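# A look at the structure
Chain by chain, the residues run as shown.
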Amino acid sequence: MTSLLHHRRTRAAVAALASSALALGGAAALLGAQSSTASSHREAPLLLADPQVDNTDVYAFVAPDRDNKVTLIGNWLPFEEPAGGPNFYPFATGARYNINIDNNGDARPDVIYRWTFKSSYQNTDTFLYNTGEVASLDDGDLNFRQTYNLSRVNAGGKVKVLARNVPVAPSNVGAASMPDYESLSNAAIYKVGQTRTFAGQADDSFFLDLRIFDLLYGTDLTETGNDTLSGYNVNTIALQVPKGAITRGGDPVVGVWSTTDRRSVRVQAADGSQSYRGGWVQVSRLGNPLVNEVVIPVGLKDAFNALEPRNDATVQPAVDKVLKPEVPKLIEAIYGIPAPAEPRYDLFRVFLKGLEGLNRPANGVRPAEMLRLNTSTPPATTENRLGVIGGDSAGFPNGRRLGDDVVDIALQVMEGAVRTGTLNPSLTDAVDENDLAFRTAFPYVALPHSGSDTSGAGTPAAGPSAYKAALDRRESGSAQFTAQDTTASTLPIALIVATVGLGLGGLGVVLMRQGRRREASSNN
C-alpha cells in the first residue's frame, strides 16, 4: 500500500480531513463521555472577546498519592504570556466557575463545585501589580489580590459555602518581584475538612503541536515536534475530594465537565465601569478535549457552549450520524484505508454511554458527552502516556490525567490502529510530554512560567534531542498499513473506544440544529 506519510491528494481533501479527523484529539476523549474532548483554546467567537471565562481543559483522575481521593482540575484563560503586565491575568469577578459531576448517569449535575472571585488593590495610585518584592500572599507589596468563595451545590440547588475569602496564587511576575514563587503557589493550597482546593496561575498542562491546522501537519506529517503551548500559562482551579463526596451508592463512575456562567446582561457605563445584571447563563463548557474547537462549526460554537449535556443526543438524526459516520469514508478516499462496515453500533455504545466494564454508569445512562471516570480504577504504578490504548486503564479516556498524550492517541486511531490492532511508532506529533514537570502532589499542575523568563513560547517539547529522536522514529518506523480484514469485535476494547472521534465529526452540528428547532417550536 502506498506510504501514508507520502500519500497526497488534493489540498482541499486534506484540509477536510485535518478539521474533521483531528476531532478525535477531542473525540478520543469522547469515548469516555460527554461534552467536550481535548483542549479548547479560543474555540468560539464570543469567547475571543471574553477569555477570562474560556475553559481550556478538564482533567479528572484518582490521586496518585492519595488513592482514596479524586482530583478535578479545570483550566481557563488560554495563551497567557508570562510577561503580560501590568494587569496580568485575574479570574473574572462577574462570573461563576463550575466543576460539574453527574453520579447517576442522567446527564444532569448532581454535585457542582463553584468558585466565585473578588478583586482588590492595596494602592490605586500606581500602575504596578506589585510595588516591591513579594514574600507572602498577604505581603503589603502585593498590590493586586484576589480571593474566592468555594461552594457546593446539590442536585436540588441547595448551596453550601465550604470556604470564604481563600487567597488566589498571583501571576508569576518575575524573579525580581517573586523570587520564591513556589512558596506563594503552595500557600494558595487550602484545606477544608477532607477537601483541598487551589486557584491560581499555572503552566498550561496541555501539550501538542498545533500545526495540525496547517493541512494536517503540512500534508505529510513533517510539521511536528514543537510544543505550541510551551511557555504559556493558564488560570487553574483544582479540587481534591474523597471519592464518596462525588459518587452515589455503589456506582464508582462519575461524569465530569466544567462550565462558566455570567449574568445575562452586561452594562457598560460612560466612566468605563461595567456591571452585570439579570439571571445567570452558561457561556462556556468543556469536558473532553477539542470538541468545540474542532468538531463544531463556527456558526454553532457559541450555542454549543450554552448547551446542557442532557440535551446532547436526544434526536434520531444524531444517532444516524453515529451509525453511518462520514469521516471513515473520507479516510478511505484520501488514504486508501477501508472504512469499517456499517452500521457502527460500537460507536453508539462507546460515544453515547461510556464503555461497559470501564467507565459506563452501572444503573443505566442517558446518552450525553462528558469526561467519564471510574473512581474504583487504582492509579497506575507507571503511567503510559497513551492511556487505555497503551494498556493503562487508569488513563484517558477513563478520566484524563495531566500526562495523557491525547493527540498521539488520536493520531494512532485515525491512521489505522483499529484496523491493524497495533500501534505505529511513526505516527506522532513528536510532543510526548509537557514542557515543564508536573508536581507530585496536589494541585499537580506545573508552576507557571516566570515573566522574567526569556526562553519564549512554542519551543521543542523536551529539547532538540527529543525532537531528533522523534524524527528518527519516523524514519525507521513503518508507514505502511497492512490491508488485513480486522473487525472491531476482535480488537482490544480500548482501541474500539478510541474510534469515537472518527465517527462523530458531524454529531455536534446535528445536535445543535435539532436543539434549536425544538426550542423554537416550544416557544411558538
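What this report covers is the structure whose coordinates are included nearby. Here the structure is a predicted model, which is why all the values come from computation and not from measurement.

Glancing now at the overall build of the protein. Assigned secondary structure in the protein consists of 16 helices and 12 strands. The buried share of the protein, taken over its 524 residues, is 56%. In the protein, once contacts between residues fewer than 6 apart in sequence are set aside, the share between residues at least 24 apart is 71%. Counting every atom, the protein has about 20500 Å² of accessible surface; 51% of that belongs to carbon and sulfur.

Overall, antiparallel pairing links the 5 strands, which are arranged 1-2-9-8-7 in an open sheet. Since the sheet does not close on itself, it has two edges, and those belong to strand 1 (55-62) and strand 7 (190-192), each with one partner. Neighbour-to-neighbour, the strand axes of this sheet turn through a mean angle of 15°, independent of strand direction. Alignment of strand 2 (residues 69-80) against strand 9 (residues 233-242), held across 9 bridges, turns out to be antiparallel. For Lys69, the partnering residue across the bridge sits in strand 9 and is Pro242.

In this section: the nonpolar core. Of all hydrophobic cores here, the largest spans 66 residues; its most connected members are Tyr97, Tyr113, Trp115 and Phe117. Residue contributions to this core peak at 5 residues, all from strand 2. With sequence-adjacent residues up to four places away left out, Tyr113 is seen in contact with Tyr97, Asn98, Ile99, Ile101, Leu150, Ser151, Arg152, Leu162, Leu239, Val241, Ala245 and Ile246.

With that settled, the discussion passes to the pairing of strand 1. With 8 of 8 residues buried, strand 1 lies mostly within the body of the structure. In terms of strand pairing, strand 1 meets strand 2 through 7 bridges, oriented antiparallel. By the bridge assignment for strand 2, Phe61 is matched with Thr71.

A few words on the pattern of salt bridges. Applying the stated rule across the entire model yields 11 salt bridges. The salt bridge involving Asp57 is made with Arg400; its shortest N-O contact spans 2.7 Å. Taken together, the positions of Asp57 in strand 1 and Arg400 in the loop between strand 12 (371-374) and helix 11 (406-414) put the pair 343 residues apart, joining distant regions of the chain. Neither residue differs from the other here; Asp57 and Arg400 are each classed as buried. Connected through shared salt-bridge partners, Glu383, Asp392, Arg401 and Asp404 make up one network.

Position of Val281 relative to the elements: it lies in strand 11 (residues 274-286). When sequence neighbours within four positions are dropped, the list of residues in contact with Val281 reads Thr260, Asp261, Arg262, Arg263 and Ser264.

This part takes up the packing of aromatic side chains. Summed over the entire model, instances satisfying the criterion amount to 11 aromatic pairs. Between Phe88 and Tyr129, the aromatic rings sit 5.0 Å apart at their centres with planes inclined by 65°, giving edge-to-face as the arrangement. Note that Phe88 is positioned in the loop between strand 2 and strand 3 (95-102) and Tyr129 in the loop between strand 4 (111-121) and strand 5 (144-154), a separation of 41 residues in sequence. Exposure remark for Phe88: the relative accessible area of 13% places this residue in the buried category. Looking at Tyr129, the relative accessible area reads 7%, which means it is buried. Ring pairing ties together the aromatic residues Trp76, Phe91, Tyr97, Phe117 and Tyr148, which thus form one cluster.

Secondary-structure assignment places Arg439 in the loop between helix 12 (417-420) and helix 13 (464-476). The side chain of Arg439 is buried and forms no salt bridge, while Glu182, the nearest opposite charge, is found at 6.1 Å. At 2.8 Å, the side chain of Arg439 forms a polar contact with the backbone oxygen of Val445. Apart from residues lying up to four places away in sequence, Arg439 is in contact with Ser185, Asn186, Tyr444, Val445, Ala446 and Leu447.

Moving on to the pairing of strand 8 (residues 195-203). Counting buried positions along strand 8 yields 9 of 9 residues, so the element is predominantly enclosed. As defined by bridge partners, strand 8 adjoins strand 9 across 8 bridges and the pair is classed as antiparallel. Each residue of the ladder has a partner; that of Ala199, found in strand 9, is Ile237.

This brings us to the environment of Ala83. Following the sequence through the fold, Ala83 ends up in the loop between strand 2 and strand 3. When the C-alpha atoms of Ala83 and Asp453 are compared, they prove to be 8.2 Å apart, with 370 residues separating the residues in sequence. In this view, Ala83 contacts Phe88 and Gly451; residues no more than four positions away in its chain are not counted.

On to unusual backbone geometry. Between Phe396 and Pro397 the backbone carries a cis peptide bond, its omega angle lying at 15°. If you trace the backbone, Pro397 turns up in the loop between strand 12 and helix 11. For the peptide bond that leads from Phe442 to Pro443, omega is 10°, which places it in the cis range. Take Pro443: it is sitting in the loop between helix 12 and helix 13. Located in the positive-phi region is Asn165, a residue other than glycine, with phi close to 55°. Its location among the elements puts Asn165 in strand 6 (residues 159-167). The backbone of Tyr444 sits at a positive phi, close to 75°, despite the residue not being glycine. Along the chain, Tyr444 turns up in the loop between helix 12 and helix 13.

The rules behind each value
- Residue numbering note: each chain is counted from 1, following its sequence as written.
- Reporting of local features is limited, given that this is a predicted model, to residues whose pLDDT is at least 70; pairs of side-chain atoms are given and counted only at 80 or more, and all residues count toward the totals for whole chains, interfaces and linings.
- With hydrogens and water excluded, all non-hydrogen atoms of the structure serve as input to the side-chain values.
- Here a helix means four or more residues in a row that DSSP labels H or I, a strand means two or more in a row labelled E, and each is numbered from the N terminus.
- Exposed residues in this analysis have more than 50% of their type's maximum accessible area, buried residues have under 20%, and partly exposed residues fall in between, with area computed by a 1.4 Å probe over protein chains only.
- It only takes one pair of heavy atoms within 4.5 Å for two residues to be counted as in contact.
- For accessible areas, the Shrake-Rupley method is used with a probe of radius 1.4 Å. Any residue's cover is judged against the shown protein chains and nothing else.
- When DSSP finds two or more bridges between a pair of strands, those strands are recorded as paired.
- Here the axes come from fitting lines to C-alpha atoms, over the contacting stretch only for helices, and the angles between their N-to-C directions go from 0 to 180 degrees.
- In these notes, a set of buried Ala, Val, Leu, Ile, Met, Phe, Trp, Tyr and Cys residues joined through side-chain atoms within 4.5 Å is what counts as a nonpolar core.
- Salt bridge, as used here: a side-chain nitrogen of Lys or Arg that lies within 4 Å of a carboxyl oxygen of Asp or Glu.
- Between the rings of Phe, Tyr and Trp (Trp by its six-membered ring), a pair exists once the centres lie within 6.5 Å; its type follows the angle of the planes, with under 30 degrees stacked, over 60 edge-to-face, and the other angles tilted.
- As used throughout, the charge tally considers Lys and Arg to be positive and Asp and Glu to be negative, leaving His and the chain termini uncounted.
- Any N or O atom pair separated by 3.5 Å or less is treated as a polar contact, with the protein-specific requirement of one donor-capable and one acceptor-capable atom, and with residues adjacent in sequence counted only for side-chain atom pairs.

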